[in-house]
Amino acid sequence: MRVNVINWAIVGTGDISRQVASDFALVAGAKVVAVVSRSRQRAQDFAEYCGADRGYEMDALLNDEAVDAVYLGTPHATHCALAVRCLEADKHVLVEKPLGVDKAEVRKVEVAAAAAGRFAMEAMWMKFNPAYRQLITEIRAGVIGEVASVRASFGIPFPKDSGSRWSAELRGSTLLDQGIYPVTLALDVLGQPETIHAAGRVRVDGVDLGEHMTLEYAGGRFAQLAASMTEFVDPTASISGTRGWIQVPFPFWATSGYTVWGGPDLFSPRTLSIPMDGNGYPPMLTAACDAIGRGLQEHPVHPWSDIHRVFDVLDRIRNQLIPGSA
Ligand SMILES: NC(=O)c1ccc[n+]([C@@H]2O[C@H](COP(=O)([O-])OP(=O)(O)OC[C@H]3O[C@@H](n4cnc5c(N)ncnc54)[C@H](OP(=O)(O)O)[C@@H]3O)[C@@H](O)[C@H]2O)c1
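Since the model is a prediction, treat every value here as computed from it, not as a measurement.

Criteria and cut-off values
Residues numbered from 1 in each chain as written. Predicted model: local features only at pLDDT ≥ 70, side-chain atom pairs only at ≥ 80, totals over all residues. Heavy atoms only, no water. Core = buried A, V, L, I, M, F, W, Y, C linked by side-chain atoms within 4.5 Å. Buried < 20%, exposed > 50% of the residue type's maximum accessible area, 1.4 Å probe, protein only. Helix = DSSP H or I, 4+ residues; strand = E, 2+ residues; numbered from the N terminus. Contact = heavy atoms within 4.5 Å. Salt bridge = Lys/Arg side-chain N within 4 Å of Asp/Glu carboxyl O. Pairing = 2+ DSSP bridges. Axes fitted to C-alpha atoms, helices over the stretch in contact; angles between N-to-C directions. Near = heavy atom within 4 Å. Polar contact = N/O pair within 3.5 Å; in protein donor to acceptor, adjacent residues only side chain to side chain. Areas by Shrake-Rupley, 256 points an atom, 1.4 Å probe, with all protein chains shown as cover.

## Considering the nonpolar core
Consideration 1: Core analysis: the biggest nonpolar cluster contains 107 residues, and Trp 8, Leu 61, Leu 185, Leu 215 and Phe 252 have the highest contact counts within it.
Consideration 2: Counting residues per element, this core draws most heavily on helix α7 (residues 174-190), which supplies ten residues.
Consideration 3: Look past the residues within four positions of Leu 215 in its chain and what remains in contact with it is Ala 186, Leu 187, Pro 193, Thr 195, Ile 196, Arg 221, Phe 222, Ala 223, Leu 225 and Val 313.

## A short note on the pattern of salt bridges
Consideration 1: This model, assessed by the stated rule, comprises 16 salt bridges.
Consideration 2: Two residues, Arg 54 and Asp 53, come together in a salt bridge whose shortest N-O distance is 3.2 Å.
Consideration 3: According to the relative accessible area criterion, Arg 54 is partly exposed, its value standing at 24%.
Consideration 4: Residue Asp 53 is classed as exposed on the basis of its relative accessible area of 52%.
Consideration 5: Where Arg 165 meets Asp 177, a salt bridge forms, and the shortest distance between an N and an O atom there is 3.5 Å. Separated by twelve residues along the polypeptide, Arg 165 in the loop between β7 (147-155) and α7 and Asp 177 in helix α7 bring together distant segments of the chain.
Consideration 6: Among the charged side chains, a salt-bridge network with shared partners connects Asp 53, Arg 54 and Asp 64.

## Side note on the sheet that holds strand β3 (residues 54-56)
Consideration 1: The six strands lie next to each other as β3-β2-β1-β4-β5-β6, forming an open sheet whose pairing is parallel. Strand pairing shows two members of the sheet lacking a second neighbour, β3 and β6 (120-122), which therefore form its edges. The sheet shows a mean angle of 25° between the axes of neighbouring strands, direction not considered.
Consideration 2: Alignment of strand β2 (residues 30-36) against β3, held across three bridges, turns out to be parallel. Note on β3: the bridge partner recorded for Val 36 is Tyr 56.

## Observations regarding unusual backbone geometry
Consideration 1: A cis amide bond links Lys 97 to the next residue, Pro 98, at an omega of -5°.
Consideration 2: Here Pro 98 is to be found in the loop between β5 (92-95) and α5 (103-116).
Consideration 3: In the segment running from Phe 250 into Pro 251, the intervening peptide bond is cis, with an omega of -10°.
Consideration 4: Phi at Arg 171 takes a positive value of approximately 60°, unusual for a residue other than glycine.
Consideration 5: On the accessibility criterion, Arg 171 (35% relative accessible area) is partly exposed.

## Side note on the site of the ligand
Consideration 1: Inspection of the region around the ligand gives 22 residues, with Thr 13, Ser 37, Lys 97, Ser 164 and Tyr 281 positioned closest.
Consideration 2: Asp 177 has a polar side-chain atom sitting 3.0 Å from an oxygen atom of the ligand.
Consideration 3: Protein burial of the ligand: of its 910 Å² of free accessible surface, 81% is covered by the chains.
Consideration 4: Of all the secondary structure elements, the ones that give two or more residues to the shell around the ligand are α4 (76-88) and α7.
Consideration 5: By residue number, the principal contributor to the shell around the ligand is α4, which donates three residues.

## Describing the sheet that holds strand β9 (residues 208-216)
Consideration 1: Spatially, β8-β9-β10-β7-β11-β12-β13-β14 is the arrangement adopted by the eight strands of the open sheet, whose pairing is mixed. What marks the edges here is a single partner per strand, and that holds for β8 (195-202) and β14 (270-273). Averaged over all pairs of adjacent strands, the angle between their axes in this sheet comes to 10°, without regard to strand direction.
Consideration 2: Relative to β9, β8 is paired through eight bridges, and the arrangement is antiparallel. Counterpart to Ile 196 in the pairing with β9 is Leu 215.
Consideration 3: Helix α9 (residues 304-318) rests against β8 and β9 of the sheet, and its axis sits at about 60° to β8.

Remember, this is a structural readout, not a statement about activity or role.
What follows is the structure, encoded as structure tokens:
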């Protein structure tokens, strides 16, 4: 059955939910009808902020038949269990990245989605960004020849506040929070690596503060990636090939363009500019609504196979990081 407008609930009333809520307002096929918080008052305040009819706690959402789909904007450690609960209540889910804390959690959500016959996707908005999609299209069409290497990092010193980023209990992790973007880019461009070398700084309680990793491929191709939440690591990306290279400026995970060097005149680069809508989430939200409306259970731009590939690499990186090294 084709559904024209998808009724959404937003779970969690933090910063990311605030940004996504204002982008939902730009999406014709979506209406935010409910907000969920651990505090009914916060839920109601946030509902007022985003024009939703009601604010309540999780149990009320699970019994609310008017909600078709749920956006989860809560800490990493909660994603898998909350997604499974929503799927078991027959809701479609869009789960903030990372979809889970490891491969096993991703698999649990996939199994629950299959059992419920509902749409589920990780909110990997970077892959829906029009400039990023054009970048990948051009690379695959050979604009820089055969890709030989990728360099990408997301290092930004975040304030040491009480947010889940710094909490071991809530599975704070710069690899899961920031590192997932450079890893996703490398896999989109080069595919699954043969070997991985990773090192980083991990607190004794297991929260990783920063890491750098080299992904190695057949034929000497490689990706050099880094993430940090305690200092800057040039938050840009570049992709190099046999006929040229591309620079993606800060913030590469939410870019509105890139520059291509290559061809007959290396000193005449070509810059592409595609401005982002809102805070950058409308293309992903539109795609999720469209997929749900068409009865799809995964989205071809970020299907389960891609999510598994990224978590395979994230798990292999994490296994090389040593707690107590920070
Ligand atoms: N796509 C992006 O651009 C982007 C950007 C930033 C973050 N993120 C992702 O978004 C997620 C949330 O990040 P954040 O920094 O916004 O987290 P956060 O501020 O620590 O938490 C977000 C909200 O989740 C709820 N929450 C907190 N602890 C909870 C718990 N134990 N159980 C259930 N709900 C809880 C709270 O809302 P209530 O108090 O109302 O329950 C809180 O305001 C993370 O997975 C992160 O990776 C994505």
